[in-house]
Amino acid sequence: MTALETPGPTLGVVGGGQLGRMLAEAAGPLGVEVIVLDPTPECPASAVCRDQIVAGFDDEAAIRELATRVDVLTFEIELADQEALGRVHEATGVPVHPRPETLELIHDKLHQKRALEDAGVPVPPFRAVEDAEDVREAIDDYGAPVMLKARTGGYDGRGNVPVESPDEAEEALEAVAGPAMVEAFVDFTREVSAIAVNGDGETATYPIGENVHEAEILRETIVPARSDDEATARTRSVATDVLELMEGRGVYGIEFFETPDGEILLNEIAPRPHNSGHWTIEGAVVSQFESHVRAVLGWPLGSTELRAPTVSKNLLGDVEENREARLSNVERILETPRAHLHWYGKREARPLRKMGHLTVTAREGERREDLLETARELENATTFR
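It should be emphasised that the depicted structure is a prediction, and the values quoted were computed from it without experimental measurement.

(A) Region of interest: the pattern of salt bridges. Taken as a whole and assessed by the stated rule, the structure comprises 25 salt bridges. The closest approach of N and O atoms between Arg376 and Glu220, which form a salt bridge, is 2.7 Å. One end of the pair, Arg376, is in helix 12 (residues 368-381); the other, Glu220, is in strand 12 (residues 217-223), and 156 residues separate them in sequence. By relative accessible area, which is 35% here, Arg376 ends up partly exposed. Arg350 is paired through a salt bridge with Glu348; the nearest N and O atoms lie 3.0 Å apart. Overall, the relative accessible area of 36% leaves Arg350 in the partly exposed class. A residue is classified by how much of its surface remains accessible, and Glu348, at 29% relative accessible area, is partly exposed. One salt-bridge network, in which partners are shared between bridges, spans Arg190, Glu210, Arg226, Glu258 and Glu369.

(B) How the structure looks around helix 7 (residues 169-176). For helix 7, the full list of buried residues reads Ala169, Ala172, Leu173 and Val176. Summarising the axial view, the buried residues of helix 7 lie within an arc of 100°, below the 170-degree limit, and thus occupy one face. In this structure, helix 7 carries Glu171, Glu174 and Ala175 as exposed residues pointing more than 90 degrees from its buried face. As for helix 7, its buried residues are in contact with helix 6 (132-142), strand 6 (146-150), strand 7 (160-163) and strand 8 (180-184). Phi for Ala177, located one or two positions after helix 7, is positive at around 55°.

Procedures and definitions
Residues numbered from 1 in each chain as written. Predicted model: local features only at pLDDT ≥ 70, side-chain atom pairs only at ≥ 80, totals over all residues. Heavy atoms only, no water. Salt bridge = Lys/Arg side-chain N within 4 Å of Asp/Glu carboxyl O. Helix = DSSP H or I, 4+ residues; strand = E, 2+ residues; numbered from the N terminus. Buried < 20%, exposed > 50% of the residue type's maximum accessible area, 1.4 Å probe, protein only. Arc of directions from axis to C-beta. Contact = heavy atoms within 4.5 Å.

Interpretation in functional terms is not warranted from these geometric data alone.
See the structure below:
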């Protein structure tokens, strides 16, 4: 039985960026307090959570301190140290969700893809590479271009380098700067994602979103995706299969390629709330952040039903060099009906850094294409100064 009292449960989050901030915003109305651990003093989440421990994501002593102050541990960034989390769980008995074993699987993209392939989940052709000759051989087998990926440490497009020709192999490996893998380039119609939730004996999936990337960074998400019913059903089916492989409760962002013949190929998994699920704050009955809080606490998940077609648009640092974060001309967003602004509170704008996002929800009968046009117009009206 789920009971509420005052004070309520406390959730510990390793990571205090924008995801930690939005988790804390969603936790508050449920009577749940949040303490985050993050190496950046006054991190984005610190403005809305109970407390912050300033420490590295791999600082085991600090994670143990966090565990002594909370009822459940979770994380909002893959850089969290799964071995440290596992040892802290064993020493303190504080639950960790998703489980460290899942984080370990996700950490290494090569191991992740092998496990998915072994489970029958459709993935693009891939292989490990050790040197430039391995990359050139992959190009011979898969055709150019191929995608070179860092096996560890890459997220939000970082660590992914397209290789257009054999001559670029060495430079690409230097850019990745560590253990790498190669994937065949997928000729896709669209990229889509499923925000899926593992609860306590129940699962849920949000409507499928269509994602627009540029320079490997997510720019826009359109919900529902402009896929046909058959492709949407396949995406949901594969997402459900993926959830069965994940250990522990929580939200998982699962990215796919949809090919011209309707095939669905899994790209990557994030064991946490995901950028492509930000639309759920305004566009769904229960947001992905509230779903994550509910799931890791073992509470009922709530409805993932769509309220209205929605488009989200990232506000990226449109600067050539690092500078104080200041977004101007936000009046256009604030005065537009059904538009919503989310500013993450980061102190410094950096080139292409995610500084915030906006969403636009539809009136009855309004087309997704019109929402997308409005979101782009609003984003273009803002400036970093």
